[in-house]
Amino acid sequence: MEALGAPKQGDTVLISGAAGSVGSLVGQIAKAEGMRVIGITGSDEKRSWLLDDLGFDAVVNYKTENVAEKIAEYTPDGVDLYFENVGGEMLKTALDNINQDGKIVLCGLISTYNDTGESVGPDLIRVIKKRVTIKGFVIIDQMHRLGEIFEKLGDYLGSRLIDLQPEQDVAASAIADRKTFGHLSYRVATRRQSFKRPNMISMRLRRL
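Residues numbered from 1 in each chain as written. Predicted model: local features only at pLDDT ≥ 70, side-chain atom pairs only at ≥ 80, totals over all residues. Heavy atoms only, no water.

Asker: Please clarify how the overall build of the chain should be interpreted in this entry.
Answerer: A tally of regular secondary structure across the chain gives 8 helices and 7 strands. Across the 208 residues in the chain, those meeting the buried criterion constitute 31%. Taking all contacts inside the chain whose residues are at least 6 apart in sequence as the whole, residues at least 24 apart take part in 44%. When the accessible area of the chain is evaluated, it comes to approximately 13900 Å², of which 49% is carbon and sulfur surface. (Helix = DSSP H or I, 4+ residues; strand = E, 2+ residues; numbered from the N terminus. Buried < 20%, exposed > 50% of the residue type's maximum accessible area, 1.4 Å probe, protein only. Contact = heavy atoms within 4.5 Å. Areas by Shrake-Rupley, 256 points an atom, 1.4 Å probe, with all protein chains shown as cover.)

Set out below in structure tokens:
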């Protein structure tokens, strides 16, 4: 939790399989370090143990309660760290409530261990086995680096280290020449063909 989730005091931590040996210890560590801890478990007995003995702030019994509604109720400011032991609907609910820049630590996916059919979604067991890091990316987070990015692209274009699709030639020339251009539109190309998204991405650029 600490190495991958990097939680801090005051964060809201959600734990599935919270009454298990791993989940219960993670919850206690989080509480000891000043975090707000919400657990998900499968019986009222376990729920009482987590609340009364371990000091969890709230616990959901997924067998008798609506998990989505309860998690939304218990985490009005969202989830900063989700410690995953179960998978399936639990992971979906966590994603519905995760905060921007939130983190998810995949420790186990017990809901999928006995599946006999072909998995519909991605095989997240591989994420665990290979210690994969998955991080969301949104272009607006990098807007402050546009000057740096286009300067580097200009150097690469001038040195012929990269090549662009034909429809990008005008923009490429402007980048390479460090010219001002007011409105750049681009489209992404697959290996076989170029395609336009319904809302073509456009960015207004400052003088480089």
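Asker: Please clarify how the side chain of Asp11 should be interpreted in this entry.
Answerer: Along the chain, Asp11 falls in the loop between α1 (2-5) and β1 (12-16). A distance of 3.0 Å separates a polar atom in the side chain of Asp11 from the backbone nitrogen of Lys8. Setting aside its immediate chain neighbours within four residues, Asp11 contacts Met35, Arg36 and Asp80. (Polar contact = N/O pair within 3.5 Å; in protein donor to acceptor, adjacent residues only side chain to side chain.)

Asker: In this structure, what is going on with unusual backbone geometry? I would like to understand it.
Answerer: Only a minority of non-glycine residues have a phi that is not negative, and only a minority of peptide bonds are not trans. Of note, the phi angle at Asp101 is positive, near 65°, even though the residue is not glycine. Considering the arrangement of structural elements, one finds Asp101 in strand β5 (residues 98-106).

Asker: I keep staring at the pattern of salt bridges and nothing clicks. Help me out?
Answerer: Side chains carrying opposite charge are able to pair once their charged atoms draw close together. For the structure shown, the criterion picks out 5 salt bridges. For Glu73, the salt bridge identified is with Lys70, shortest N-O distance 3.5 Å. Taken as a pair, Glu73 and Lys70 lie in helix α4 (residues 67-74) at a separation of 3 residues, close to a single helical turn. Among the residues examined, Lys70 registers a relative accessible area of 23% and is labelled partly exposed. One salt bridge connects Glu148 with Arg145, and the closest N-O pair in it is separated by 3.0 Å. Overall, Arg145 belongs to the partly exposed group, its relative accessible area being 28%. (Salt bridge = Lys/Arg side-chain N within 4 Å of Asp/Glu carboxyl O.)

Asker: What should I look at first to understand the packing of α4 against helix α5 (residues 89-97) in this one?
Answerer: Between two packed helices, the angle of one axis relative to the other and the distance separating the axes together describe the packing. Following both chains from N to C, one finds α4 and α5 inclined at 35°, their axes separated by 10 Å at the closest point. Handedness of the α4/α5 crossing: right-handed. Two secondary-structure elements touch here, α4 through Val67, Ala68, Ile71 and Ala72 and α5 through Met90, Thr93 and Asn97. Of the residues assigned to the contact of α4 with α5, the class counts are 5 nonpolar, 2 polar and no charged. (Axes fitted to C-alpha atoms, helices over the stretch in contact; angles between N-to-C directions. Left-handed = near helix turned anticlockwise from the far one by under 90°. Nonpolar A, V, L, I, M, F, W, Y, C, P; charged D, E, K, R; others polar.)

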